[in-house]
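Here is what each chain is made of, one letter per residue.
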Amino acid sequence: MTAAERPGDGAGQGLVERWRDLLAVHARTVCELDRALHRHGLGASDFEVLGVLAAGTSADGGPAYRVQEIAERVHLSQSALSRLIARLDRDGLVERCLCPEDRRGVRVSLTAKGRDLHGRVLPLQRAVLERTLTDGPRT
């Protein structure tokens, strides 16, 4: 039985192919980002978190973000994000403190070292994105 003869495959097959193309572009981009950032001690997810923290101010206008605010902007589970933030803290790139308004919550802010590293590798990240996202799909 050919793909065209299988029930329900007609219109849906195009969506499946688009989905697989998106996954391939994502995987290729993350792999290239990880390779490029590795020599700076970062991975793609590390850089995303530093980017969120460097981008501006939190919802309440302060320089520190609640972990939940970061989680809304990066695609990591809460536990993976907590481990990543702990590592960035150990490396001196971010600092954590308790939320004054909610002692159970944690706020995260970028350190001077983290801001400097983010600024230095930002052009590298942009170059990888330019290369991987403008070339079109590869086979």
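Here we summarise the structure given alongside this text.

### Quick look at the overall build of the protein
For step 1, the next point in the chain: The secondary structure content of the protein amounts to five helices and three strands.
For step 2, the next point in the chain: Ordering the α and β elements of the protein from the N terminus gives α-α-β-α-α-β-β-α.
For step 3, the next point in the chain: Residues counted as buried form 34% of the 139 residues belonging to the protein.
For step 4, the next point in the chain: Pairs at least 24 residues apart make up 52% of the contacts formed inside the protein by residues separated by at least 6 positions.
For step 5, the next point in the chain: As displayed, the protein has an accessible area near 8,800 Å², and 56% of this comes from carbon and sulfur atoms.

### Notes on the pattern of salt bridges
One side chain can pair with another of opposite charge once the charged atoms of both are near each other.
For step 1, the next point in the chain: Tallied over the entire structure, the rule returns four salt bridges.
For step 2, the next point in the chain: For the salt bridge of Asp-116 with Arg-120, the shortest nitrogen-to-oxygen distance reads 3.1 Å. A residue pair is termed a helical-turn pair when its members lie 3 or 4 positions apart in one helix, as Asp-116 and Arg-120 do in helix H5 (residues 112-134) at four residues.
For step 3, the next point in the chain: Assessed through its relative accessible area of 43%, Asp-116 is described here as partly exposed.

### Quick look at a nonpolar patch on the surface
For step 1, the next point in the chain: On the surface, a nonpolar cluster with roughly 340 Å² of combined accessible area is contributed by Trp-19, Leu-22 and Leu-23.
For step 2, the next point in the chain: Considering the arrangement of structural elements, one finds Leu-23 in helix H1 (residues 10-38).
For step 3, the next point in the chain: Overall, Leu-23 belongs to the partly exposed group, its relative accessible area being 41%.

Cut-off values and rules
Residues numbered from 1 in each chain as written. Predicted model: local features only at pLDDT ≥ 70, side-chain atom pairs only at ≥ 80, totals over all residues. Heavy atoms only, no water. Helix = DSSP H or I, 4+ residues; strand = E, 2+ residues; numbered from the N terminus. Buried < 20%, exposed > 50% of the residue type's maximum accessible area, 1.4 Å probe, protein only. Contact = heavy atoms within 4.5 Å. Areas by Shrake-Rupley, 256 points an atom, 1.4 Å probe, with all protein chains shown as cover. Salt bridge = Lys/Arg side-chain N within 4 Å of Asp/Glu carboxyl O. Patch = residues over 30% accessible without salt bridge, like charges linked within 9 Å, V, L, I, M, F, W, Y side chains within 5 Å.

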